[in-house]
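What the coordinates show
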Amino acid sequence: MDEAQEDLLEHEDISQKPLSSPYNIPPLRSTRLQIQKSNVCSRAYFVVVMVFFHVYILNVIALLLYVHYNNGPGDLVSGDGASPAPVINTDRRLPQPAPSGRELHVEEYSQSFSLHRMEGIRVGHVQHVSVVPDRTHEMKTLSLKPLLFEIPGFLSEEECRVVVQLAQLKGLMDSQAATPSQDQTELNQPLLSLSTEEVFHLLDLNQDGFLQKQEIVSHSRSRDGTWLSPDNLRQTLTGLEASPTGILTLGEFRRIYDVSQRPRQQRSGSLHSHFKQRNRHTWLFQGLGSHRVLQTLKKRVIALTRLPSALLELSEPLQVSRYEHGDFTNAHYDSSSSQSETTCAHTRLAGNTSALTEVSCRYLTVLFYLSSVEEGGESTFPVADNRTYDEQALVQDGVDLTDTQQACGKGNLKLTPTAGTALLWYNHLSDGRGWMGELDEYSLHGDCPVKRGVKWVASSWVNVDPDHQQQARYQRLVAQRHQAKSGMDEHYQSLSHSDLHLDL
């Protein structure tokens, strides 16, 4: 009995002692308390991480919304502090006709936008183009220098007749250039005969006996004088900038001005005649409210050139010209080379204020023959597809090829007018980055004298500024002006074309 009691007490002592373990497991109560502390720390850490994660996401979303609503979807010109630019559609498909309505059709464009340029392949190559529904036209490559195409049947006889009638109703004006009917001695004389000293004193606005740069630039902007040409201004400004003192005395001005007054053949060795033409012309608006045929013609040009409609909306109106017996146009360029002292006439609203002169900037020309001519009146490209361009080569046997009255038959390419046929050529090369580059010197062209019949032609130019950002600023400015006047219907037509182009 005593032994049984001792065994029981021994068993109770053993149960009250902690069990030994090779893993050193702590007492159960201590383990429970440690687990509870670890859970609390894990939950707090998780809550903090999730809060920071949500704050980060919210900040990113807020930043994206801020950028979107402040910069706009397609700000082409950055860093100038101006408002977002309108954006031109970069879709490479044929542009759709501009929708009707009161909105100015300035499409959206992005920084990747480039000017479309067709491939000529080779002279004589024929490709098919679609400019009207359910019909294709044959487009033949006539020249690679310049890139020149011919599209027969681009207009119907009825459409040609309507355009001619609209031009007659509008009224034709004589060309401003001199005509051969005047005495030849008059053609070579300035409108005002001024001595070098008189020109110097007219330029010397403050009458201090010296010419400063600002005085020359001020005259270039006045537009009220015909006694100093842009060439004279450029020569004078170049001489002034080369002067160590930055001013010109009468003696220094005389040396510069007398050189600029010499005939061009004495300075360059060529026999280029002064540009002359004789015809009558008018301008026809192609926007909202214009005749259906004129709007249709613009849509076809958009489809043919594959250029954004915004460029054509803000380009010059359609020019219609009439050539009668003996009328002609000497060989010339439709566009101008880009120079630091010039600015494009069509972008003058956003132009370079320090530029001396405004020039025409025309990426391409589309010419429509509105009538056939019985004899004469051909379009001539004197140096088309020459192996190299050399100004001296324009003179052959003492005859200047730019003088269409004397040398129309000596040009490389002549095209007979046929009613309904269209010609398209590029006045500029590509700059290699998808924009407008240097003037294509092979695009020199003119009109031979009409011998029998009457010649009617229409010219559609696509105006593009060689400065990509300048073109963007101009389109943005026009869009902003239109938006400011959107509630006034009478301002739409003048904003689109009348105020911008009728003085070109």
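Residues numbered from 1 in each chain as written. Predicted model: local features only at pLDDT ≥ 70, side-chain atom pairs only at ≥ 80, totals over all residues. Heavy atoms only, no water.

As named in an unreviewed UniProt entry, the chain is Fe2OG dioxygenase domain-containing protein, taken from Gambusia affinis. Reading the Cofactor (unreviewed entry) entry of the UniProt record for the chain gives the comment "L-ascorbate". (UniProt positions renumbered as here; feature names shortened; annotations may be inferred.)

What follows deals with the confidence of the model for the chain. When the pLDDT values of the chain are averaged, the result is 76; 68% of them are 70 or greater. Within the model, the stretch residues 17–25 combines pLDDT values under 50 with zero contacts to residues more than four positions away or in other chains. Taken as a whole, residues 263–273 scores under 50 in pLDDT and shows 28 contacts with residues more than four places along the chain or in a different chain. (pLDDT = per-residue confidence, 0-100. Contact = heavy atoms within 4.5 Å.)

What follows concerns the pairing of strand β19 (residues 436–439). Bridge analysis of strand β18 (residues 428–430) against β19 gives two bridges, and the strand direction is antiparallel. By the bridge assignment for β19, Ser430 is matched with Met436. As consecutive antiparallel partners, β18 and β19 are separated by five residues, and within that stretch Gly432 has a phi angle of approximately 85°, a positive value. (Pairing = 2+ DSSP bridges. Helix = DSSP H or I, 4+ residues; strand = E, 2+ residues; numbered from the N terminus.)

What follows is about the environment of Leu203. Looking at the element boundaries, Leu203 is found in helix α5 (residues 196–203). Here Leu203 falls in the buried class, since its relative accessible area comes to 1%. As a C-alpha pair, Leu203 and Val217 span 14 residues in sequence and 9.7 Å in three-dimensional space. (Buried < 20%, exposed > 50% of the residue type's maximum accessible area, 1.4 Å probe, protein only.)

This part is about the sheet that holds strand β16 (residues 413–415). Taken in spatial order, the five strands line up as β5-β8-β20-β13-β16 in an open sheet, and their pairing is antiparallel. Both edges of this open sheet fall to β5 (277–278) and β16, since each of them pairs with a single strand only. One ladder, built from two bridges, connects strand β13 (residues 379–381) with strand β20 (residues 445–447); its direction is antiparallel. Its bridge partner being in β20, Thr380 is matched across the sheet by Gly446.

With that out of the way, let us pick up helix α3 (residues 157–170). With 14 residues, α3 should reach 20 Å at 1.5 Å per residue; the first-to-last C-alpha distance of 20 Å fits that figure. Those residues of α3 not exposed but buried are Glu159, Cys160, Val162, Val163, Val164 and Ala167. Looking at the buried residues of α3, the elements they touch are β6 (280–284), α10 (292–305), β7 (318–323), β11 (362–369) and β22 (455–463). One or two steps after α3, the chain reaches Gly171, where phi turns positive at roughly 100°. (Expected span 1.5 Å × (residues − 1).)

On to the nonpolar core. Phe154, Leu318, Val320, Phe368 and Leu370 are the most contacted members of the largest nonpolar core, which totals 44 residues. A per-element tally of this core places α10 first, with seven residues. Residues within four places of Phe154 in sequence aside, it is in contact with Val131, His137, Glu159, Leu297, Arg300, Val301, Leu304, Phe368, Gly420 and Ala422. Membership of the second largest hydrophobic core comes to 14 residues, among which are Leu148, Tyr369, Trp425 and Val457. (Core = buried A, V, L, I, M, F, W, Y, C linked by side-chain atoms within 4.5 Å.)

Right, let's get into the pattern of salt bridges. Going through the model one piece at a time under the given rule, you end up with 13 salt bridges. The partner of Glu241 in a salt bridge is Lys213, with the nearest N and O atoms 3.6 Å apart. Residue Glu241 is located in helix α7 (residues 230–242), and its partner Lys213 is located in helix α6 (residues 213–222); the two are separated by 28 residues in the primary sequence. Given a relative accessible area of 42%, Lys213 falls into the partly exposed group. Taking the shortest distance from any N to any O, the salt bridge between Arg322 and Glu324 comes out at 2.7 Å. (Salt bridge = Lys/Arg side-chain N within 4 Å of Asp/Glu carboxyl O.)

Applying the stated rule across the entire model yields seven aromatic pairs. Ring plane angle 70° and centroid distance 5.4 Å describe the contact between Tyr363 and Tyr426, whose orientation is recorded as edge-to-face. On the criterion of sequence distance, the pair formed by Tyr363 in strand β11 and Tyr426 in strand β17 (residues 422–426) is long-range, its members being 63 residues apart. With relative accessibility at 0%, the residue Tyr426 sits in the buried group. The interplanar angle of 75° and the centroid separation of 5.8 Å between the aromatic rings of Tyr389 and Tyr442 together place this pair among those described as edge-to-face. Of this pair, Tyr389 sits in the loop between β13 and β14 (395–396) while Tyr442 sits in the loop between β19 and β20, and the two are 53 residues apart along the sequence. Among the aromatic residues, those joined into a ring-pair cluster are Phe200, Phe253 and Tyr257. We note Arg117 situated over the ring of Tyr426; from NZ or CZ to the ring centre the distance is 4.6 Å. Here the basic side chain of Arg362 rests over the ring of Trp461, its NZ or CZ set 3.7 Å away from the ring centre. (Phe/Tyr/Trp six-rings, centres within 6.5 Å; stacked < 30°, edge-to-face > 60°. Lys NZ or Arg CZ within 6 Å of the ring centre and 35° of its normal.)

Put simply, α3 and α10 touch, their axes get as near as 10 Å, and they point 120° apart. Between α3 and α10, the interaxial angle falls into the category oblique. Both α3 and α10 take part in a crossing whose hand is left-handed. Across the interface between the two elements, Glu159, Val162, Val163 and Leu166 from α3 touch Val293, Leu294 and Arg300 from α10. For the contact of α3 with α10, the class distribution of residues is five nonpolar, no polar and two charged. (Axes fitted to C-alpha atoms, helices over the stretch in contact; angles between N-to-C directions. Parallel < 35°, antiparallel > 145°, perpendicular 65-115°, else oblique. Left-handed = near helix turned anticlockwise from the far one by under 90°. Nonpolar A, V, L, I, M, F, W, Y, C, P; charged D, E, K, R; others polar.)

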